[in-house]
Structures are given as C-alpha cells and as structure tokens.
Amino acid sequence: MKILKNALMLLGVFFVVSTLIFAVQSNVEPQKDAGQDVAENDVDKNVADSYRISAIDIPEDLNFAGEVVPQDDPEIMERIDREFLVNTYWQSNALLLIKRAHKYFPIIGPILAKNGVPDDFKYLAVAESGLQNVVSHAGATGFWQIMKATGREYGLEVNSNVDERYHLEKATEVACEYLNRHYKKYGSWTLTAASYNAGAGAISKYLGIQQVEDYYDLLLGQETGRYVFRIMAIKEILSHPEKYGFVVEEKDMYKAVPTFKVEVDEPVLSFADFAQKYEINYRILKRHNPWLREPHLNNSSRKKYTVEIPYKGYYKGAK
C-alpha cells in the first residue's frame, strides 16, 4: 500500500506540473502572436500612403535668362536632374527660400529691371546666399557674396565701421554693374553667371584651353559646373512651388516691414541712443541697417548716410 500511495502521489505531482506548464505556454504564445501583430500593424501605420519619393519631370522649356538648355545631351540632363532632386527634397531649405523670396524679390527685381539684367538673376542671389547676409570662408559677404576688393572697385564703402556689401539695394546695383560688364565680354548670360561664381579670369582661361564658346560645353570644377543648373532648379521650384509639393499660403510668407529714411551727416556716438529717439532698440535698428557694422558711426568726413527706421506698430513692445 505504501508503494501504491507513493506512486499515486508522484502521478499527482506530475499531473499538476504538466498542467502548469501547459497554462504558461498557452499564456505566452498568444502574447507572442499579439506582439507580432502589433509590430506588423506599426509598420503599416508608419508608411504614409500620401507620401511618395519619386523622380522629377524636367520642364521641356527649361532655360536661363532665355538661353535654352541642350536637353538632348544626356550628361547635361543628369546634372540638371541632380539639382532638381537635391533642391526639391531638401524641403526645409526650399520652404525657407520661398518665404524669404516673398520678402526680398520685390526689392531685388526692380533694380535688375532698371539695369537691364534678366529677372532670372534674382535666383542667382538665392543660390549665392539663400537671401541672407552670410559671409563665406573666403570673405565674400552679403546677399550677393561680394568680395571686399570687388566692392571697393565698384564704389562700395567697406571698412570696420560701414560695410555696404550688407546694404541690399547698393549691393544689388553693384551686382548689376558686374553682370552687365561681363555680359558685354561673353555675350552669354550663362557664361556671365558662371563668371560670377568662378571669376571672369577663370572662365576666360577655360574657354581658351578647351577651345569652346558655350557654358554647356565647358568642363568646370564641381561648384561652378553645378552653379547654373542649381539656379535653374531654384527658379523652377520657387516659381511653381505647388508643382513640387510645397503648400505655402500668403499668411506663411515673410514680409518686409515698411520703413522711412533718416539722413545722417555727422558722427553718431551711440546707435542705441539714436534708436531710442525713434522708439526702437539697437537690435531693430541693425535689422534694417545691417551695413552699420559698429554701435557708433565715425563719419569724420561728414558723409551723408541714409538710415532706415521702421514705422511704429510693427515691433510690439519696442522701446
């Protein structure tokens, strides 16, 4: 009996353990399957049906300043395609350019027109600086990326106190003079644009060495080789943003703050004090007059400068 009793006890323990193992397995397996389903559902949810990255159709009438692109050249088309893809799918940058263009093109465009420079050159300024007062590693400065020597050559004041390369209207006038001068030399707006990037000396040198007369026939370094194509891509995207997937409403655009002009023909000891006279602060004064490089104006020669002051009501809380 004792043997039988022990055998029954062992059998009972075995039955209980088997039941527990089965229960644990039953609980684990559904959780595993459920986890797999969740993962699969997450993958589905993370793929936006409305978002597709696709190739871009290049416009058949693509041109720069009326000069037609040779679209029957496959190498040229690959280079153009690269610029369209890079500039279309760099969405944050493109949106910023669209917004800034709305603010600054109304200033740049009329100056180009007055000087007989094709309107397409406003996109050159976009390619040069992104419509910002930036300084390159080589020292080129402002929207038009003018070098110090070039600025002085064309009549801009450039020193530690005043740097008119930051003056948008004056810098645009200088860019027009440069562009017209080199158009007379080359008779081609594409070569003129390339010379703006690489320098006229370099373009003339390469034309002579390679014995060609056209920008599209030139073998150039990567930056200048991409330059005109990049300008054309920017022109197309900014001209037809909806076509390339950009939805920007009027309320989203950056807008210029209206200003009036004040003439200054004497030294200014403190532009912070000067600004307070017009119920603004130094930061706002500099925003509208970035060519003033120091918080004072020497002006020992009593030169006449024109300072822009924003109308009241556009900067809330300005003192």
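Residues numbered from 1 in each chain as written. Predicted model: local features only at pLDDT ≥ 70, side-chain atom pairs only at ≥ 80, totals over all residues. Heavy atoms only, no water.

**Q** I'm lost on the confidence of the model for the chain in this one. Help?
**A** Detailed reading of the predicted coordinates is not advisable wherever pLDDT is low. Counting all residues, the mean pLDDT for the chain is 88, and 83% of those residues have values of 70 or more. Note on residues 20–26: pLDDT is under 50 here. Beyond four places in sequence and across chains, it has one contact. Note that residues 28–35 has pLDDT below 50 and, in this model, one contact with residues that lie over four places away or in other chains. (pLDDT = per-residue confidence, 0-100. Contact = heavy atoms within 4.5 Å.)

**Q** Just checking my understanding: could you explain the pattern of salt bridges for this structure?
**A** Think of it this way: side chains of opposite charge can pair up when their charged atoms draw near. Enumeration over the complete set of coordinates arrives at 15 salt bridges. Glu153 is paired through a salt bridge with Arg181; the nearest N and O atoms lie 3.1 Å apart. One end of the pair, Glu153, is in helix H5 (residues 148–153); the other, Arg181, is in helix H6 (residues 168–186), and 28 residues separate them in sequence. By relative accessible area, Glu153 is classed as exposed at 53%. The residue Lys251 makes a salt bridge to Asp252 at a minimum N-O spacing of 3.4 Å. Sharing partners across several salt bridges, the network here consists of Glu249, Lys251 and Asp252. (Salt bridge = Lys/Arg side-chain N within 4 Å of Asp/Glu carboxyl O. Helix = DSSP H or I, 4+ residues; strand = E, 2+ residues; numbered from the N terminus. Buried < 20%, exposed > 50% of the residue type's maximum accessible area, 1.4 Å probe, protein only.)

**Q** Can you walk me through helix H8 (residues 200–210) in this structure?
**A** Two residues of an α-helix separated by three or four positions point the same way, owing to the 3.6 residues in each turn. Burial in H8 covers these residues: Ala200, Ile203 and Leu207. Summarising the axial view, the buried residues of H8 lie within an arc of 70°, below the 170-degree limit, and thus occupy one face. In H8, those exposed residues whose orientation departs by more than 90 degrees from the buried face are Gly201, Lys205 and Ile209. Buried residues in H8 make contact with H6, helix H7 (189–198) and helix H9 (222–239). Looking one or two places after H8, you find Gln211, whose phi comes out positive at around 55°. (Arc of directions from axis to C-beta.)

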